[in-house]
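Examining the three-dimensional arrangement
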Amino acid sequence: MNDKGQTPGRIKKELKKLLHKDHSFAQGRIVGSMCTAPHTFAREIFSRYIDKNVGDPGLFPATTALETQTVSMLGRLLSCETVSGFILTGGSEANIVALWTAKMLHKAKGNEVLVPESAHFSFDKAASLLELNLKKIRLKDDFTVDIEAVKKQLTTKTIAIVGIAGTTPLGVVDPIPELSQLAVERGLYLHVDAALGGFVLPFLGGLGRPSPRFDFSLPGVSSITIDPHKMGMSVIPGGGLLYRNAELSAAVNVFVPYLAGGETAQATVVGTRSGASVLATWALLKHLGKSGYTEVVRRCMELTDFLAEGVRRIDGLYLPCEPVLNVVGVASRKLPVQELAARLRRRGWALSLFPGHIRVVLMPHLKRKHIQNFLAALASTLNDR
Ligand code: PLP
């Protein structure tokens, strides 16, 4: 820290220079992220209400009531009228709190949780924090979890199963109806991670595309992760955890007696929590509405088709699976995929690398010209010496 403070103008100039190396969504080279440039209206609301703290509901009862409304809007989108939940820091916190809830509800029974091999690494964090025995279940050739393998791995100590509606590596959707049936039959907690898919799947049917079932209309689903800061186009931090009812969310309540707003109970990992994120999401849901989100999803899916078709035309490349959501895997017969990714990264492309493929997520900041450039880079990179 300097002895003497500096002027805001000088600091802003310095910051601009220092941040020069960061990628920006506007450049169209971030093709591997599930985040995107937040909608301008969400940004505006976020900066206006930056001082709101929903961790202290007694001080901010109106913001807290709007969190309830936000959760209700998301719940209705996912077929639940009795929904309860929170706007959290992201999908990781939502998944951790979901497994925390499962543990508190069923800890007398055991500590085993079954997750697909494709599950996000936040489940490893949850298992480590909560001392759960995480069993990873193999996938089928279509990269969805093998339901027969799930059944075989169930024991008397299993307390929860997880299904993914939009997997991290390829965006595929696990057989949630079958997992739901298992959950009902065996009295298990079923958490669905729809961090990405939650804001895509509900709109696919209206666009004439297949839309696998994954939401609370399936009776075994206890909770769902759905992230406003991914395809919801809201600000970071913006995760969402929805429960089928308030009894479930109350299972992890920690009583807090001393806050300035009066005593309360918290069921989240963090204490002080961004009310601005809540309000930005509330405002954006109201602003875009179903028609606005359908339009966002339509554009992203059209871009997905465009990329998938382009990849099919490049000799030596192939798709590990047909895209379901706005996620495209690119695999190579010509070059180890690690080498292909390294070359593309050297050319400035910010992509994701998985063991057998490169992952592209067609987020709202990407335009057709960006994907044209990416396809050209893919084709030429493949033949680089
Ligand atoms: N769940 C899935 C399916 C994801 O793909 C991700 C992140 O990409 C997460 C959860 C974690 O989300 P966050 O990075 O917001 O914590």
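Now for a description of the structure that goes with this document. Positions within a chain are numbered from 1, following the residues in the order the chain's sequence is written. Where totals are concerned, whole chains, interfaces and linings use all residues; where local detail is concerned, this predicted model gives features only for residues with pLDDT of at least 70, and gives and counts side-chain atom pairs only at 80 or more. Water and hydrogen atoms play no part in the side-chain values, which are based on all heavy atoms of the structure.

So, on to the overall build of the protein. Here a strand is any run of E in DSSP of at least two residues, a helix any run of H or I of at least four, and the numbering for each starts at the N terminus. A tally of helices and strands in the protein yields 12 helices and 13 strands. Atoms considered for the radius of gyration are the C-alpha atoms alone. The globule rule reads 2.2 Å times the number of residues to the power 0.38. Radius of gyration (C-alpha) of the protein: 22 Å, near the 21 Å computed for a compact globule of 385 residues. Its C-alpha atoms give the protein principal-axis dimensions of about 65 × 65 × 45 Å. Each residue's exposure class comes from its accessible area (1.4 Å probe, protein chains only) as a fraction of the maximum for that residue type: buried when under 20%, exposed when over 50%, partly exposed otherwise. A buried classification covers 55% of the 385 residues belonging to the protein. All accessibility values rest on the Shrake-Rupley procedure with a 1.4 Å probe; residue burial counts only the protein chains present in the view. In the structure as shown, the protein presents an accessible area of about 17700 Å², 54% of it carried by carbon and sulfur atoms. Each charge class in the protein was averaged separately, 46 positive and 33 negative side chains, and the resulting centres sit 7 Å apart. Under the counting rule used here, the positive set is Lys and Arg, the negative set is Asp and Glu, and His together with the chain ends is not counted. Every charge is mapped onto a representative atom, which is NZ of Lys, CZ of Arg, CG of Asp or CD of Glu.

Two strands qualify as a pair provided DSSP detects at least 2 bridges between them. Strand order across the open sheet formed by seven strands is β1-β7-β6-β5-β4-β2-β3, with mixed pairing between neighbours. Whereas interior strands pair on both sides, the edge strands pair on one side only; in this sheet they are β1 (84-88) and β3 (133-137). On average, each strand axis in the sheet is tilted by 20 degrees relative to the strand beside it, whichever way the strands run. Sheet analysis places strand β2 (residues 112-116) next to β3, joined by five bridges and oriented parallel. The residue of β3 that forms the bridge with Glu 112 is Asn 133. Residues count as neighbours in contact if any of their non-hydrogen atoms are within 4.5 Å of one another. The axes are straight lines fitted to the C-alpha atoms, using for helices just the contacting stretch, and the angles between their N-to-C directions are given from 0 to 180°. Docked against the sheet, helix α3 (residues 61-77) engages β1 and β7 (239-243), running at close to 110 degrees with respect to β1. Most of the contacts of helix α5 (residues 122-130) go to β3, to which it runs at about 155 degrees, and overall it touches β2, β3, β4 (158-164) and β5 (189-193).

Among the buried residues, those of types Ala, Val, Leu, Ile, Met, Phe, Trp, Tyr and Cys that are joined through side-chain atoms within 4.5 Å form a nonpolar core. Grouped together as the largest cluster of nonpolar side chains are 60 residues, with contacts concentrated most on Ile 161, Val 192 and Met 231. Of all elements in the fold, only α2 (40-48), α3, α6 (147-153), α7 (176-186), β5, α8 (201-204), β6 (221-225) and α10 (275-313) reach the threshold of two or more residues within this core. Tallying contributions element by element places α10 first for this core, with 11 residues. Domain segmentation is taken from an automatic or database assignment of domains. Each of domain 1 (17-39 + 289-382) and domain 2 (41-287) contributes no fewer than three residues to this core.

By themselves, these observations are geometric and do not establish any function.
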